[in-house]
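Spelled out, the chains give:
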Amino acid sequence: MEKLFVFSRFVLFLGILTGTKGASAAWLRAHATFYGGSDASGTMGGACGYGNLYRDGYGVKTAALSTALFNKGKACGGCYKIVCDATQVPQWCLKGTSITITATNFCPPNYALPSDNGGWCNPPRPHFDMSQPAFESIAKYKAGIVPILYRQVGCKRSGGLRFTINGRDYFELVLISNVGGAGEISKVWIKGSKDNKWEAMTMNWGSNWQSLKYLNGQTLSFRVQTSDRKTRTALNVAPSGWKFGQTFTTNVQF
């Protein structure tokens, strides 16, 4: 009876988080660990291509996703609400807490270890390797690993979309960061002021998208589509005198 009571209270808690009566069906099960140190300095960079996660708009509320969730980088920038599953490990969960994290890295499989004993990110396991501060906001440090419930949610960002232009002549490699809404980028277009024609870019890796046109000396505009098929257009993002390595912030957001 006591166990049933605890479970009922946990389902009610999830319902409050989602704002829906049938919330329990929307949550999926996984496990979470942590990395990167107490200040999350070890989480900077990563397989999504973001550099300084503070500068790029993500802070310490981040996680590396296992193969089952990372989807070859297409999950980069997506947001997930995570709750420690107190029905399984009440001694390790922090009561009444949840956190929304952004996918900023990849947790690679370790086939030398079994999936239930160290190979936490081995396929087909859904797993979140969270920054240590994010993990400690829902569970105790000594737990090491905890069962969780998660669901994908919208991303709330401060400020607009950011475009960092790297590469060289005839190869513009553009990192797109601080994406709100669905967070995950599905398509990108670029337009130079000389041709004045939208050209589709291709995903290179993580949140880096590439163009093979010669766009030097042109004002650049971008169009971004997220995984929910919503599109935003940012005109005249980079002036004609832009240089490789520069970052441009817009007032456009999802």
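Coordinates for the structure precede this section.
Everything numeric here is computed off the predicted structure, so don't read it as measured data. For every chain, the first residue of its written sequence is number 1, and the numbers climb from 1 along that sequence. With pLDDT at 70 or above as the cut-off, local features in this predicted model cover only qualifying residues; side-chain atom pairs require 80 or more to be listed or tallied, and sums for whole chains, interfaces and linings still use all residues. Remark: hydrogens and water are excluded; side-chain values derive from all non-hydrogen atoms of the structure.

A few words now on the nonpolar core. By size, the foremost hydrophobic cluster in this structure holds 31 residues, and its most contacted members are Leu-65, Ile-82, Ile-101, Phe-128, Met-130 and Val-146. The helix and strand labels rest on DSSP assignments: H or I over at least four residues marks a helix, E over at least two residues marks a strand, and numbering proceeds from the N terminus. Of all the secondary structure elements, the ones that give two or more residues to this core are strand 1 (28-35), strand 2 (62-65), helix 2 (67-70), strand 3 (79-84), strand 4 (99-106), strand 5 (127-131), helix 3 (132-135) and strand 6 (146-153). In contact with Leu-65, other than residues within four places in its own chain, are Phe-70, Ala-75, Tyr-80, Ala-103, Asn-105, Phe-106, Cys-107, His-127 and Phe-128. Only buried Ala, Val, Leu, Ile, Met, Phe, Trp, Tyr and Cys residues count toward a nonpolar core, and they belong to the same one when joined by side-chain atoms within 4.5 Å. The rule is simple: take the accessible area with a 1.4 Å probe, protein chains only, and divide by the maximum for that residue type; under 20% is buried, over 50% is exposed, in between is partly exposed. Residues are treated as being in contact if the distance between any of their heavy atoms lies within 4.5 Å.

Glancing now at the sheet that holds strand 1. Pairing between strands is defined by DSSP: at least two bridges between them are needed. Reading around the circumference, 1-5-2-4-3-6 is the order of the six strands in this closed barrel, with mixed pairing throughout. Taking the axes of each pair of neighbouring strands and ignoring which way they run, one obtains an average angle of 45° across the sheet. Where strand 3 lies against strand 4, four bridges are found, and the strand directions are antiparallel. Bridge assignment links Tyr-80 to a residue of strand 4, and that residue is Ile-101. Axis definition: a line fitted to C-alpha atoms, limited for helices to the stretch in contact. Angles are taken between N-to-C directions and run from 0 to 180 degrees.

By secondary structure assignment, the location of Leu-161 is in the loop between strand 6 and strand 7 (162-168). Each C-alpha atom of the pair Leu-161 and Pro-126 lies 29 Å from the other, and the pair is 35 residues apart in sequence. Setting aside its immediate chain neighbours within four residues, Leu-161 contacts Ser-177, Asn-178, Val-179, Val-224, Phe-248, Thr-249, Thr-250, Val-252, Gln-253 and Phe-254.

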